[in-house]
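# Architecture at a glance
What follows is each chain in one-letter form.
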Amino acid sequence: MQTEYKFKSEEIESQIAHLTEKGITEFSIHDERISRDKKRILKILSLISEYAPLVYVSILTDVSVIDREVVSAASEIFCSLDIPLNCSAKGGKILFDKKLYANKARLLNDFGLVFGFQLTYGQLDGDSLKSFMERLDFAVQQYPNHIDFPQTENEENAQTAKVTGIFSAKDIRYCRDVAFACRTFYSSGRAVPWMLSILRPLKIYPSRFFADFAEWQRCNNCDFKSGFNPESENHLSIEKMQLLFLNVKYEEKHCSDLLSLVHDIVKINGAMARLVGEGEESFVKTSYNPDDLFGPESLEIISFAENVCMEECNVHVFMTEEGPDYRIE
């Protein structure tokens, strides 16, 4: 069991040189002051590159400091930039700069960087259920690796949401459950490569999909109130939940003829994620050739099913010196 170390904000730079000797493989820097200080973030990134290049680092980063210089430095190390999706309140309305976040997400994706968003709800006057759902839809559309919801971490955090004339206690509970569903299905389920593609045939927004999954979780005793912790589950068990729920949604929307393809996409990407994350080799039976499943055609599921021939395969997913690979056996 790995020992957990905690450092004061002013100690972080001096401790980076000792991370490897302490046996630390993951390092989180979630300090709001640092998150808005570009010079300090650049210094930390440089020190990690020099002294701890194999340590996975999660860095809270305000959107205001993200530019080509920061992104270029971050691309030299093994890290994730965790970006609060901040709003402001003015005249009783929530203001959210979609263009700013979309441009920064595009830059991060162009560099192939891992990044995530942090979303909250009910903390500003003028927030509403509709506004939160819109922010969630926007967040998913930017292809973040994960979406975190601090208010779902425990009941105490959940109480930070404020009831107002346009945001009832019922709305807040609804947001909490949708957030927890996203945390389970999307983040713990490692769904970023295929989430948007599997939604297109369903003609449903991500927030609505997660709301339906929240109800499924409640019925299956794995929702927020049950005490279920998605991060403590192995990924394969989350994947089984994903496939069961996708069966329900695709049958409900009369798209069950696409389920073989959907299952292939989820399972082959899941196997690759476990290989990278846990070093777990696996064999996956698919109804389509993996070259096609990993190709750009899989982004449009209906067109893929209409134009790509089925081909039953037993796919071995394994690691090589050059990185993740697969072959048909």
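Summarised in this report is the structure supplied together with it.

Definitions and limits used
Residues numbered from 1 in each chain as written. Predicted model: local features only at pLDDT ≥ 70, side-chain atom pairs only at ≥ 80, totals over all residues. Heavy atoms only, no water. Pairing = 2+ DSSP bridges. Helix = DSSP H or I, 4+ residues; strand = E, 2+ residues; numbered from the N terminus. Core = buried A, V, L, I, M, F, W, Y, C linked by side-chain atoms within 4.5 Å. Buried < 20%, exposed > 50% of the residue type's maximum accessible area, 1.4 Å probe, protein only. Contact = heavy atoms within 4.5 Å. 1 Å grid on protein atoms, 1.4 Å probe; cavity = no way out; pocket = protein on both sides within 12 Å on 5 of 7 lines; lining within 4 Å. Points joined across faces, edges and corners; volume = space filled by probe spheres on them. Nonpolar A, V, L, I, M, F, W, Y, C, P; charged D, E, K, R; others polar. Right-handed = clockwise from strand over helix to strand, strands pointing away. Axes fitted to C-alpha atoms, helices over the stretch in contact; angles between N-to-C directions. Salt bridge = Lys/Arg side-chain N within 4 Å of Asp/Glu carboxyl O. Expected span 1.5 Å × (residues − 1). Parallel < 35°, antiparallel > 145°, perpendicular 65-115°, else oblique. Polar contact = N/O pair within 3.5 Å; in protein donor to acceptor, adjacent residues only side chain to side chain.

### Details of the pairing of strand 10 (residues 323–328)
With 6 bridges connecting them, strand 9 (residues 313–320) and strand 10 associate as antiparallel partners. Looking across to strand 10, one finds that M319 is bridged to P324. Hairpin connection between strand 9 and strand 10: a loop of 2 residues separates the two successive antiparallel strands.

### Let's talk about the nonpolar core
Core analysis: the biggest nonpolar cluster contains 102 residues, and M195, I198, F209, F210 and Y250 have the highest contact counts within it. With sequence-adjacent residues up to four places away left out, M195 is seen in contact with V140, F185, Y186, F209 and F210.

### Some details on the layout of surface pockets
The calculated volume of the second largest pocket comes to roughly 290 Å³. If you trace the second largest pocket, you find 18 residues lining it, with N86, L119, T120, Y121 and Q123 closest to the centre. Class assignment of the residues belonging to the lining of the second largest pocket gives a composition of 8 nonpolar, 8 polar and 2 charged.

### With respect to the pairing of strand 6 (residues 114–118)
Of all 5 residues that make up strand 6, 4 are buried, and the element is covered over most of its length. Relative to strand 7 (residues 146–148), strand 6 is paired through 3 bridges, and the arrangement is parallel. Bridge pairing in strand 7 places G116 opposite H146. Taken together, strand 6, helix 6 (residues 129–141) and strand 7 constitute a β-α-β crossover, and its handedness is right-handed.

### Looking at the sheet that holds strand 8 (residues 282–286)
The sheet built from 3 strands is open, its strands ordered 8-9-10 with antiparallel pairing. The sheet is open, and its two borders are formed by strand 8 and strand 10, each paired with just one other strand. Along the sheet, successive strands turn relative to each other by an average axial angle of 30°, direction set aside. Across 5 bridges, the pairing between strand 8 and strand 9 is antiparallel. Paired with S282 across the strands is V317, a residue of strand 9.

### Thoughts on the pattern of salt bridges
Across all of its chains, the model carries 18 salt bridges by this definition. The salt bridge involving D67 is made with K38; its shortest N-O contact spans 2.5 Å. Placement of D67 in the loop between strand 2 (56–60) and helix 4 (68–74) and of K38 in helix 3 (residues 38–51) is noted, with a sequence separation of 29 residues between them. Residue classification places K38 among the partly exposed positions, given a relative accessible area of 27%. A salt bridge links K162 to D125; the shortest N-O distance between them is 3.4 Å. In this pair, K162 sits in the loop between helix 7 (155–158) and helix 8 (169–188) while D125 sits in the loop between strand 6 and helix 6, placing the two residues 37 residues apart along the sequence. Of the residues examined, K162 reaches a relative accessible area of 36% and is grouped as partly exposed. Counted as one network, the salt bridges with shared partners bring together R208, D212, K249 and E252.

### What to know about the sheet that holds strand 6
If you walk across this open sheet you meet the 5 strands as 1-2-3-6-7, and the pairing is parallel. Two strands bound the open sheet, and with one partner strand each, they are strand 1 (26–29) and strand 7. Here the strands of the sheet are splayed against their neighbours by 20° on average, with no regard to which way each runs. As defined by bridge partners, strand 1 adjoins strand 2 across 4 bridges and the pair is classed as parallel. Bridged to E26 within strand 2 is Y56.

### Thoughts on helix 10 (residues 206–219)
The end-to-end C-alpha distance of helix 10 is 20 Å, a good match for the 20 Å that 14 residues give at a rise of 1.5 Å each. Across the 14 residues that make up helix 10, a large majority, 10, are buried. Turning to helix 10, its buried residues number three or more, namely P206, S207, F209, F210, A211, D212, F213, A214, W216 and Q217. At its buried positions, helix 10 is contacted by helix 6, helix 8, helix 9 (195–199) and helix 11 (235–252). Looking one or two places after helix 10, you find N221, whose phi comes out positive at around 55°.

### Details of the packing of helix 6 against helix 10
Two elements in contact, helix 6 and helix 10, have axes whose closest approach is 8 Å; the angle formed by their N-to-C orientations is 105°. Taken as axis vectors, helix 6 and helix 10 run roughly perpendicular relative to one another. Of helix 10, the residues touching helix 6 (which contributes M133, L136, D137 and V140) are P206, S207, R208, F210 and A211. When the residues that make up the contact of helix 6 with helix 10 are grouped by side-chain class, the tally is 6 nonpolar, 1 polar and 2 charged.

### A few points about the environment of V262
The residue V262 is located in helix 12 (residues 259–278) in this model. Ignoring sequence-local partners within four residues, the contact set of V262 consists of I198, L246, Y250 and I301.

### Here's the deal with helix 3
The end-to-end C-alpha separation of helix 3 is 20 Å, in line with the 20 Å expected for 14 residues at 1.5 Å each. For helix 3, the complete set of buried residues consists of I41, L42, I44, L45, L47 and I48. Where helix 3 starts, the residue carrying a side-chain oxygen 3.3 Å from the main-chain nitrogen of K39 turns out to be D37.

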